[in-house]
2 protein chains.
Amino acid sequence: MAEYKAPLREMHFLLHEVFAADQLWARLPGLAGAVERETADAILEEMAKLAANTLDPLNRSGDEEGCHWVEGEVTTPAGMKEAYATYCEGGWGALLGNPEYGGMGMPKMLGAQVEEMINSASISFALYPMLTAGACLAIDTHASEALKQKYLPKMYEGTWAGVMDLTEPHAGTDLGMIRTKAEPQEDGSYRITGSKIFITGGDQDLSENIVHLVLAKLPDAPAGSRGISLFLVPKYLVNEDGSLGERNGVHCGSIEHKMGIKASATCAMNFDGAKGWLVGEVNKGLAAMFTMMNYERLGVGIQGLGASERSYQNAREYALERIQSRAPSGPQQPDKAADPIIVHPDVRRMLLTQKALIGAGRALSTYVAQWLDIAKFGEGEEKQHAEGMVALLTPVAKAFITDAGLECTVLGQQVFGGHGYIREWGQEQLVRDVRITQIYEGTNGIQALDLVGRKTVANGGAYFELFATDVQAFIDREGGREEMAEFVLPLSAGLQCLKEVTASLIARAKEDPNAPGAASVEYLHLFGYVAYAYMWARMAAKALPKAGEDDFYKGQVKTARFYFARLLPRTQSLAASVKAGSGTLMDIEAELF
Amino acid sequence: MAEYKAPLREMHFLLHEVFAADQLWARLPGLAGAVERETADAILEEMAKLAANTLDPLNRSGDEEGCHWVEGEVTTPAGMKEAYATYCEGGWGALLGNPEYGGMGMPKMLGAQVEEMINSASISFALYPMLTAGACLAIDTHASEALKQKYLPKMYEGTWAGVMDLTEPHAGTDLGMIRTKAEPQEDGSYRITGSKIFITGGDQDLSENIVHLVLAKLPDAPAGSRGISLFLVPKYLVNEDGSLGERNGVHCGSIEHKMGIKASATCAMNFDGAKGWLVGEVNKGLAAMFTMMNYERLGVGIQGLGASERSYQNAREYALERIQSRAPSGPQQPDKAADPIIVHPDVRRMLLTQKALIGAGRALSTYVAQWLDIAKFGEGEEKQHAEGMVALLTPVAKAFITDAGLECTVLGQQVFGGHGYIREWGQEQLVRDVRITQIYEGTNGIQALDLVGRKTVANGGAYFELFATDVQAFIDREGGREEMAEFVLPLSAGLQCLKEVTASLIARAKEDPNAPGAASVEYLHLFGYVAYAYMWARMAAKALPKAGEDDFYKGQVKTARFYFARLLPRTQSLAASVKAGSGTLMDIEAELF
């Protein structure tokens, strides 16, 4: 297994050249002065060390050992506790937090790179702070000032962790069906009773307290998703002075045995008249959750990216070192018994597919993070515009980067041949770990429905227009550069295809209620490949002028060419499948399956 | 987890209607009288019971427990030994064996269906008898009469097992690099010394003896793959009277910890001056291995099929029972809190993709088995023709059915949402188990190179012509039926596309040695989708006339329609990628990866 080496060069390229982040950071009203290029680079460098030296070495042992559940208490695998302490001491939990309560107020564009490194090192580890950050965001945005002051500083420190309690055995995608009850008490608190499953980090031995954000229904709540409220339920009640008080009525009943992310405790939680406090308004719990959803979903996309990068680094090293057979054009290293397998076109296809999907995935997550930052720190029309972009692009980033994550980790395993199937090489763990990212935080099928339905058909394509306009502006800007034609022309054709498919889908949805669902996953993939083409074209635009003098830029340009020649054509089949409509899907009776 | 129910209806349809197997069986010179429809059906029914009642229940417990290695001895998980005994008592090990030595001499067309059921129940279990059958085939074809008489009857019984010892740590794909030595002894035997890895069933506690077929090199052997010979090395030497004698110098040094197939022992084997006997001619070991390779590789394809079918049965049951959200067109079961998820177009897309890939995969493996039977039991030109078809189609069946296997099992897991990631539902195990089928017995990348290089470019497309002619004959035959136009026209277009791509690839290979490798995997997939279209068109041709009266036929026709509308379009992108050539793959220097 290769030693993990954070792709800092790629990250600098994106932040400083492709997206000129420091210019954005300097001018955004809510961010001015908080971060400059030097600070950002120093932060990235620190995380690169932490990820490589502290987190990465725990990944395989954590997978082997897994979490333990004994009499309601969860312990994490050896080393996790120390690593979590180091993480918290470094102040990483506060990176994106609200400065009023002890956060550092950094932009998500920077946070996205930091998250990638943590996830490359260990998705299991990354989940604990990721959930805390999400909970902090929900509390910061919706909770009362008293709750914020009481909880946020400790959560930014990492002394207390945060988790989300949504799913119930009979209610996953369809949260309107949850049964957990919240009964109002005279002191203004609520008594929470019910069972939740699949609660990531629901219990653990890393932090002193665990703050649950729980979806529950008041006794008189309307049926369905309009009757859901959000509650803060700590594992230990917090005294007025901020010290920990008595144990609250929330307990971990068991942990799941899973395909992967075994060092992350996936808990069944029982709320037995636990004391909780309302976050936000009664019956508006789902909306409160949605605040953090965009961040969480991009974060899951970044998990797919992180695992892909780790797998790629291993596969690249193996392909350079493993000797087997001769190159088709004749021996490349005649002094050895065989050539390194990187001489073989098909091994190159696998590695370049990884490299191309990873490079574009990193760019797309940075691009979405940029819109999140503008939506958070910007004002007026610009803010509104960014909110539309975030709404549209979040499901694409979540689902497409994680679907690419499975493809990338499977390819990285395949490069190893039989050794890829053996645990000691680490490649098979990455496949198992990344597989959850396509499932949780809304399955990728649900992301696709969100993209097609709520984000596109429901507004007549208004958000889509924002994106298409952005891509078109780039095409218009770069169209005059002759050397950019190899990228601009196919990008333009891809955009045109996506526009047509989008328009026809919006039209068909009016007559056929099944049209959006029938097209959704292939439409999201079509969107994803065009978005990746846009990202590679933007990277090529910056890299081309320097490709003669520097290997890094040369590599970027050549990877872009591979993407356009070999991966972008996937849009053709996707468009054809989308156009096929819902007929053959809906025409078959359930009993004929 | 659904109870496994063997798809006997589908198998009968293929054998008796689509491929009219009994007519073939009746007329093949080497097979006449050995099997009729009634016998075949009875055999299928027996295996359906064995698979469901004896093998399937061991699959998850075998995965949880895994194999054990203690001081050189391997023990299999609880229950395997009893199941293996039941299997052997049923005479299943003799099914395809040579009647001269106790085999039943049944056709592979029947064997393929039997194998699918075993593999649906447990790939791990299936591997033990599968390797024995392969070893028997190699011995039957190449070994001396004395070796055959001594070993085959016990191996058909299953009392002794057979395994293949090919791979060494530094020599996987490139077997020319193996270092295991074979020194001739005065008594005509050989002293075998060396280390092998990834030996499936290299040691176990199921059979009384284990017969290793080992690739090794004589001291004066030519370098590379032309210096490889094949040896039979039993774990226990066999006395003249057939009883077991002393322990031979072959030992299991360790077993691998793997992603899946955990109940199958993957062994590192040490040969320490072990006594062995030559099988076939000196230095022609690879050719001897190739005899069984076509059977083994189709067998691995069938593993992918078996896992897909199991996953599909689970997913179908779950989709019919799990209620969550409402159908896009309005409530379908208004009396319930939500509709079963099978009402959702995207869930149907996942299930139908499974069903369509499984149906065509079963048909393709039966079709290839048909050619194997004609090659084995036929004569003259017909036999020669069949050998060409087998050579061409084997890599497609191995790689395409197993690649589809990963897609199918991942989809079957996705239908379950979060529950698909949890071990208890079994869906994640199928993903882990099936993943090996894309890797072993020659990775799917190697299969693709074999298809493009040795099987197509090397003979100027002669084998391909045989296949294209077969498809064209079907098109000509069915083209006149108006109701078949929806299948025949796109099949014809697909064939045309495949022909053009094949011709241009053969042409390009003359100028560019990297062209075949650069196109190989996408070319194999293109071939696979056209072959599946041919299979669905053949099934539709038989099902259409009865689709009005019978649900089974109706389901076949509707699945065929789905395949043509939603999956066949994948050929468009694949053709575009193949046409892109090797340029972008080879243009990037190794250090720029």
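In this text the structure is predicted, and so the values were computed from the model without any measurement. (Residues numbered from 1 in each chain as written. Chains lettered and ligands numbered in written order. Predicted model: local features only at pLDDT ≥ 70, side-chain atom pairs only at ≥ 80, totals over all residues. Heavy atoms only, no water.)

This part takes up the overall build of chain A. On a plain count of helices and strands, chain A comes out with 19 helices and 11 strands. In terms of C-alpha radius of gyration, chain A reaches 24 Å, essentially the compact-globule figure of 25 Å for 593 residues. Projected onto its principal axes, the C-alpha positions of chain A cover 80 × 60 × 60 Å. In chain A, which comprises 593 residues, the share counted as buried stands at 65%. Sequence separation of at least 24 residues holds for 74% of the intrachain contacts in chain A that already meet a minimum separation of 6. On chain A, roughly 19800 Å² of surface is accessible, and the fraction owed to carbon and sulfur atoms is 50%. Charge separation in chain A, taken as the distance between the mean sites of 55 positive and 75 negative side-chain charges, equals 4 Å. (Helix = DSSP H or I, 4+ residues; strand = E, 2+ residues; numbered from the N terminus. Rg over C-alpha atoms; globule rule 2.2 N^0.38 Å. Buried < 20%, exposed > 50% of the residue type's maximum accessible area, 1.4 Å probe, protein only. Contact = heavy atoms within 4.5 Å. Areas by Shrake-Rupley, 256 points an atom, 1.4 Å probe, with all protein chains shown as cover. Lys, Arg positive; Asp, Glu negative; His and termini not counted. Charge placed at Lys NZ, Arg CZ, Asp CG, Glu CD.)

Our next topic: the nonpolar core. Phe467 and Phe527 of chain A together with Phe467 and Phe527 of chain B are the most contacted members of the largest nonpolar core, which totals 432 residues. Residues in contact with phenylalanine 527 of chain A, not counting those within four places in the same chain, are Leu392, Leu393, Val396, Leu451, Phe464, Phe467 and Leu498 of chain A. (Core = buried A, V, L, I, M, F, W, Y, C linked by side-chain atoms within 4.5 Å.)

Feature annotation in UniProt assigns "domain: Acyl-CoA dehydrogenase/oxidase C-terminal" (unreviewed entry) to the following positions: residues 283–450 of chain A. End C-alpha atoms of residues 283–450 of chain A are separated by 22 Å, and the span's content is 73% helix alongside 0% strand. (UniProt positions renumbered as here; feature names shortened; annotations may be inferred.)

All names here are of chain A. According to the stated counting rule, one finds 60 salt bridges over all chains in the structure shown. For the salt bridge of arginine 60 with glutamate 64, the shortest nitrogen-to-oxygen distance reads 2.9 Å. Residue arginine 60 and its partner glutamate 64 are both found in helix H4 (residues 59–65); the two are separated by 4 residues, about one turn of the helix. Between arginine 481 and glutamate 478 there is a salt bridge, with the nearest N and O atoms lying 2.7 Å from each other. Take arginine 481: its relative accessible area is 23%, and that puts it in the partly exposed class. Judged by relative accessible area, glutamate 478 falls into the buried class, the value being 12%. Through salt bridges with shared partners, one network takes in Arg60, Glu64 and Arg423. (Salt bridge = Lys/Arg side-chain N within 4 Å of Asp/Glu carboxyl O.)

Overall, the predicted model of chain A reaches an average pLDDT of 97, with 100% of residues at or above 70. Quick note on the complex model: pTM equals 0.98, ipTM equals 0.97. (pLDDT = per-residue confidence, 0-100.)

Moving on: the relation of the copies chain B and chain A. Overlaying chain B with chain A gives an RMSD of 0.0 Å, the required rotation being 180° about an axis along which the chain moves by 0.0 Å. The symmetry that links the two subunits is that of a two-fold axis. Residue serine 573 of chain B, judged by its C-alpha, is the member of chain B lying nearest the rotation axis, at 2.7 Å. In this assembly, 100% of the residues forming the interface of chain B have copies in chain A that are likewise at the interface, indicating an isologous arrangement. (Least-squares fit on C-alpha atoms with pLDDT ≥ 70 in both.)

Here the focus is the environment of isoleucine 261 of chain A. Looking at the element boundaries, isoleucine 261 of chain A is found in the loop between strand E10 (250–255) and strand E11 (266–279). Measuring from C-alpha to C-alpha, the distance between isoleucine 261 of chain A and arginine 435 of chain A comes to 9.3 Å, with 174 residues separating the pair along the chain. If sequence neighbours within four positions are ignored, isoleucine 261 of chain A has contacts with Ile123, Ser124, Leu127, Asp433, Ile436 and Tyr440 of chain A together with Tyr421 of chain B.

Moving on: the interface of chain B and chain A. On the side of chain A, 92 residues touch chain B, which itself brings 92 residues to the contact. Summed over both partners, the interface of chain B with chain A buries about 7900 Å², with 59% contributed by carbon and sulfur atoms. Area buried by chain B at its contact with chain A is led by Tyr421, Arg566 and Phe593 of chain B, which between them contribute 12% of it. Across the chain B-chain A interface, the total number found is 6 salt bridges. Measuring nitrogen to oxygen at the nearest pair gives 2.7 Å for the salt bridge that ties arginine 566 of chain A to glutamate 522 of chain B. (Buried area = accessible area lost by both parts, 1.4 Å probe.)

Our focus in this paragraph is the side chain of serine 122 of chain B. Residue and element names in this part refer to chain B. By the element assignment, serine 122 lies in the loop between helix H6 (108–121) and helix H7 (123–142). By relative accessible area, serine 122 is classed as buried at 4%. Excluding residues that lie within four positions of it along the chain, serine 122 makes contacts with Leu55 and Asn59.

Before going further, it helps to examine the pairing of E11 of chain A. Residues and elements named next belong to chain A. Relative to E11, strand E5 (residues 190–200) runs antiparallel, the two being bridged by 9 bridges. Residue pairing in the sheet places isoleucine 192 in a bridge with alanine 274 of E11. Two elements, strand E7 (residues 229–234) and E11, share 3 bridges in a ladder whose sense is antiparallel. Within E11, the position partnered with leucine 230 by the bridge is valine 279. Examined bridge by bridge, E10 and E11 share 5 bridges and lie antiparallel to one another. (Pairing = 2+ DSSP bridges.)

This paragraph deals with the environment of arginine 297 of chain B. Residue and element names in this part refer to chain B. Mapped onto the elements, arginine 297 comes out in helix H9 (residues 285–321). Each C-alpha atom of the pair arginine 297 and alanine 6 lies 22 Å from the other, and the pair is 291 residues apart in sequence. Once residues within four sequence positions are removed from consideration, arginine 297 is found in contact with Thr394, Lys398, Glu441, Gly442, Gln447 and Asp450.

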